[in-house]
Protein chains: 2
Amino acid sequence: MSIKDGWFSETEVLWPGQKFSLEVKEVLFHERSDFQDVLVFDSVHYGKVLVLDGVIQLTERDECSYQEMLTHIPCFAQGHPKKVLIVGGGDGGVLREIARHPGVETIHMCEIDSMVCEVSKRFEFCTASAFGDARLKLVHEDAAEFVKKEGNNGYDVIIVDSSDPVGPAETLFQPSFYQNMKQALAPMGVIATQGECLWLHLPLITTVLRACAEIFGSVDYAFTTVPSYPSGQIGFVLASVEERDLSTPASTPNAAMTEVLRYYSPEVHQAAFVLPVFAEKEIAGVRRRSSKE
Amino acid sequence: MSIKDGWFSETEVLWPGQKFSLEVKEVLFHERSDFQDVLVFDSVHYGKVLVLDGVIQLTERDECSYQEMLTHIPCFAQGHPKKVLIVGGGDGGVLREIARHPGVETIHMCEIDSMVCEVSKRFEFCTASAFGDARLKLVHEDAAEFVKKEGNNGYDVIIVDSSDPVGPAETLFQPSFYQNMKQALAPMGVIATQGECLWLHLPLITTVLRACAEIFGSVDYAFTTVPSYPSGQIGFVLASVEERDLSTPASTPNAAMTEVLRYYSPEVHQAAFVLPVFAEKEIAGVRRRSSKE
């Protein structure tokens, strides 16, 4: 276990030479599921923490940024989603945010590892509030297979809340998975996927964007700040069947949502697509933005 | 020393319960100056690293974000600075960026600790390239006293590149220091100061902004991402004598600058002022933006 002298430390091949650590109050759960190592601990300053295969997936202190941005950017870029698919996201955070959209009628969620959903509910993570939503159909299957199978389902939005491309999420970074997601989208449908970190994984990001540009009408990249993620930020790959401007919201949060959102606003949506020069130089050539800009 | 088993770890009272660590290749320097503990090491993946009183000040891998944003936001918000004062910034990074502005005629720099400038030059940090600039007048004095003394100097831009408000930089977070900076500014002058982290220090930030709003015509806040800083980001307090929109550049980088900038662009300038909702809610009431917006 990566806990020593009261501190959990994250070490990973994907970010060598750097390490983020959190002070542990109490280890609540540690088991191996059929797919990965699952650790839950209560921290001194970050609330409860979920760790999969040694990598922090969420802390209650800063999860709002990731969940809100990964969910609301594609939903408001699409405008009025009715049918949504969540791939992964077993902690329930993306589900919680999707459930805030009153126009959503159907939520499919495919999380390969049921243990992740179970610990999220059992330890009452703040992300677990919407598992009882009547619109939800939750299955525990391989998402690559599920998306292929549901190919004519006509989703308005597909959100891929995956772990990193080592371990169970590896297939979710392959072009064939993106191709199958496109088939599963309705006209005007939008996808958003966990897109790693500009400061760490620019070559991987440009590879994924280049592959997407062969498949989708528009492909773009946005990022947000998450202190407990490697290098303090994470990005998202956005894509749509038709050519459109994903950086401009097609609709905005209603009053009830505006009341509860802690990170996302229409202004934050647009600013998230503005990349630092070192990243813009690499990404400008591989994304696919509306020709209207 | 905070190096153990080949890793440097940062622990600080200002961000309890979390810790960032870098793998060390070689310790190059470790002495106590008249003011603080000064450590320089070469890291495995972040280039050379400067640490003051146990806190990372810069790594060569990500310093561009901090130096460019702290320098170019006030310079381009002002438009055409000729006379600039740098407070702190002993590593030379802000100086390097100021020196890129062809219109700048005079650069005063007041760094209390000469040892910081010396190690930056001696270990050939990538930030140390402009100490030979003919426009530079460098003094090693207490900046609070210096700014009081130079009160009628008419600086177009003052940049405060300080460490945190514990130790030698404590006075640089006091209202009296801001009052003295205002006296030292030319009409249309702009200041930018190191403004800590939205995720960690929102109460401190709002206190500083509230104090500044009593003193300046406009006060605003912007932030940037820096992986090796606590929680992966840092912000800046911007203020100007007159009421103006600091978030919109009044001029833009020329071709030579555009060639070398790695983080700053006019688009990044504007996006840096768009704050996450949790911060916007606190800051909207205390900043002072142009009434034209």
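All figures in this text were calculated on a predicted structure; none of them were measured in a lab. (Residues numbered from 1 in each chain as written. Chains lettered and ligands numbered in written order. Predicted model: local features only at pLDDT ≥ 70, side-chain atom pairs only at ≥ 80, totals over all residues. Heavy atoms only, no water.)

A word on the UniProt feature "domain: PABS" (unreviewed entry) in chain A
In step 1: In the numbering adopted here, UniProt assigns the feature "domain: PABS" (unreviewed entry) to residues 5–241 of chain A.
In step 2: When the span residues 5–241 of chain A is considered, its composition is 27% helix and 35% strand, and the gap between its end C-alpha atoms is 50 Å. (UniProt positions renumbered as here; feature names shortened; annotations may be inferred. Helix = DSSP H or I, 4+ residues; strand = E, 2+ residues; numbered from the N terminus.)

Some remarks on the side chain of Ser163 of chain B
In step 1: Within the element layout of this structure, Ser163 of chain B appears in the loop between strand 10 (155–161) and helix 5 (175–184).
In step 2: Not counting the four nearest positions on each side in its chain, Ser163 of chain B is found in contact with Gln57, Ala169, Phe173 and Gln194 of chain B. (Contact = heavy atoms within 4.5 Å.)

Considerations on empty space enclosed by the protein
Residue and element names in this part refer to chain B.
In step 1: A complete count under the given rule lists 5 cavities of 30 Å³ or more for this structure.
In step 2: For the largest cavity, the calculated volume is near 460 Å³.
In step 3: Contributing elements (two or more residues each) for the lining of the largest cavity: strand 5 (48–52), strand 6 (55–59), strand 7 (83–88), helix 4 (143–149) and strand 13 (233–240).
In step 4: In terms of residues, the lining of the largest cavity owes the most to one element, strand 6, which gives 3 residues. (1 Å grid on protein atoms, 1.4 Å probe; cavity = no way out; pocket = protein on both sides within 12 Å on 5 of 7 lines; lining within 4 Å. Points joined across faces, edges and corners; volume = space filled by probe spheres on them.)

Examining the UniProt feature "active site" (unreviewed entry) in chain A
Residue and element names in this part refer to chain A.
In step 1: The positions UniProt marks with the feature "active site" (unreviewed entry) are Asp161.
In step 2: Secondary-structure assignment places Asp161 in strand 10 (residues 155–161).
In step 3: Here Asp161 falls in the buried class, since its relative accessible area comes to 9%.
In step 4: The residues touching Asp161, leaving out its near neighbours within four places in the chain, are Tyr66, Gln67, Leu70, Val87, Gly88, Gly89, Asp91 and Val94. (Buried < 20%, exposed > 50% of the residue type's maximum accessible area, 1.4 Å probe, protein only.)

A look at the relation of the copies chain A and chain B
In step 1: Note on the identical chains: chain A maps onto chain B by a rotation of 180° and an axial translation of 0.0 Å, with an RMSD of 0.0 Å. On this basis, the relationship between the two copies can be described by a two-fold rotation axis. It is Gly232 of chain A whose C-alpha, among those of chain A, lies nearest the rotation axis, at 2.1 Å.
In step 2: Of the residues that chain A buries at the interface, 100% are likewise interface residues in chain B, meaning the two copies contact each other through the same surface. (Least-squares fit on C-alpha atoms with pLDDT ≥ 70 in both.)

So, the environment of Glu60 of chain A
Residues and elements named next belong to chain A.
In step 1: With respect to the secondary-structure elements, Glu60 resides in the loop between strand 6 (55–59) and helix 1 (63–78).
In step 2: The spacing of Glu60 and Ser43 is 17 residues in sequence and 9.6 Å in space, taken between C-alpha atoms.
In step 3: Setting aside residues up to four positions removed in sequence, Glu60 forms contacts with Tyr46, Gly47, Lys48, Glu124, Phe125 and Cys126.

Describing the sheet that holds strand 13 of chain B
Residue and element names in this part refer to chain B.
In step 1: Pairing is mixed across the open sheet formed by 7 strands, whose spatial order is 9-8-7-10-11-13-12. Sheet topology places strand 9 (136–139) and strand 12 (218–225) at the edges, where each strand pairs with a single neighbour. Taking each pair of neighbouring strands and ignoring which way they run, the sheet shows an average axis angle of 15°.
In step 2: Across 4 bridges, the pairing between strand 8 (residues 106–110) and strand 9 is parallel. Opposite Ile107, over in strand 9, you have Leu136 as the bridge partner.
In step 3: Helix 1 (residues 63–78) rests against strand 10, strand 11 (185–194), strand 12 and strand 13 of the sheet, and its axis sits at about 160° to strand 10.
In step 4: Its contacts with the sheet put helix 5 on strand 7, strand 10, strand 11 and strand 13, and the angle it makes with strand 11 is roughly 145°. (Pairing = 2+ DSSP bridges. Axes fitted to C-alpha atoms, helices over the stretch in contact; angles between N-to-C directions.)

Looking at helix 1 of chain B
Residue and element names in this part refer to chain B.
In step 1: In this model, helix 1 (16 residues) spans 23 Å end to end at C-alpha, consistent with the 22 Å of a helix rising 1.5 Å per residue.
In step 2: Along its length, helix 1 shows its largest kink, about 25°, at His72, and proline Pro74 lies within four residues downstream of that point.
In step 3: Backbone geometry just after helix 1 places Gly79 at a positive phi near 115°. (Expected span 1.5 Å × (residues − 1). Bend = angle between axes of the 7 residues up to and from the residue.)

Notes on the environment of Tyr263 of chain B
In step 1: Topologically, Tyr263 of chain B is positioned in the loop between helix 7 (255–260) and helix 8 (266–271).
In step 2: With relative accessibility at 3%, the residue Tyr263 of chain B sits in the buried group.
In step 3: Separated by 201 residues in sequence, Tyr263 of chain B and Asp62 of chain B place their C-alpha atoms 9.7 Å apart.
In step 4: Residues within four places of Tyr263 of chain B in sequence aside, it is in contact with Trp199, Pro276, Val277 and Phe278 of chain A together with Cys64, Ser65, Glu68, Met69, Thr224, Thr225 and Val268 of chain B.

Regarding unusual backbone geometry
What is expected of a backbone is that most residues other than glycine have negative phi and most peptide bonds are trans.
In step 1: For Glu196 of chain A, which is not glycine, the phi torsion reads 55° and is therefore positive.
In step 2: Within the secondary structure layout, Glu196 of chain A lies in the loop between strand 11 (185–194) and helix 6 (202–215).

Here's the deal with the pattern of salt bridges
In step 1: All chains considered together, the criterion is met by 21 salt bridges over all chains.
In step 2: Here the salt bridges do not stand alone but share partners, grouping Glu63, Arg96, Glu97, Arg100 and Arg262 of chain A into one network. (Salt bridge = Lys/Arg side-chain N within 4 Å of Asp/Glu carboxyl O.)

Observations regarding the interface of chain A and chain B
In step 1: Listed by partner, the interface residues are 41 residues for chain A and 41 residues for chain B.
In step 2: Together, the buried faces of chain A and chain B total about 3,100 Å²; carbon and sulfur atoms form 61% of this surface.
In step 3: Along the contact surface separating chain A from chain B lie 0 salt bridges.
In step 4: For the pair chain A and chain B, the number of links is 16 residue pairs in polar contact (both at pLDDT 80 or more). (Buried area = accessible area lost by both parts, 1.4 Å probe. Polar contact = N/O pair within 3.5 Å; in protein donor to acceptor, adjacent residues only side chain to side chain.)

Digging into the sheet that holds strand 13 (residues 233–240) of chain A
All names here are of chain A.
In step 1: Spatially, the 7 strands line up as an open sheet ordered 9-8-7-10-11-13-12, and their pairing is mixed. Lying at the two open borders of the sheet, with one neighbouring strand each, are strand 9 (136–139) and strand 12 (218–225). Neighbouring strand axes in the sheet, compared pairwise and without regard to direction, differ in orientation by 15° on average.
In step 2: Packing of helix 1 onto the sheet brings it into contact with strand 10, strand 11, strand 12 and strand 13, and relative to strand 10 it is tilted by some 160°.

Some words on the pairing of strand 13 of chain A
All names here are of chain A.
In step 1: With 8 of its 8 residues buried, strand 13 lies for the most part within the structure.
In step 2: Burial along strand 13 is two-sided: the face carrying Gln233, Gly235, Val237 and Ala239 and the face carrying Ile234, Phe236, Leu238 and Ser240 are both buried.
In step 3: Sheet topology places strand 11 next to strand 13; 5 bridges connect them, and they run antiparallel. The residue of strand 13 that forms the bridge with Ile191 is Ala239.

Structural notes on the side chain of Lys19 of chain A
In step 1: Here Lys19 of chain A is to be found in strand 3 (residues 18–32).
In step 2: For the buried residue Lys19 of chain A, which engages in no salt bridge, the nearest side chain bearing the opposite charge is Asp5 of chain B, 7.4 Å off.
In step 3: In this view, Lys19 of chain A contacts Ser9, Glu10 and Thr11 of chain A together with Trp7, Lys19, Phe20 and Ser21 of chain B; residues no more than four positions away in its chain are not counted. (Lys, Arg positive; Asp, Glu negative; His and termini not counted.)

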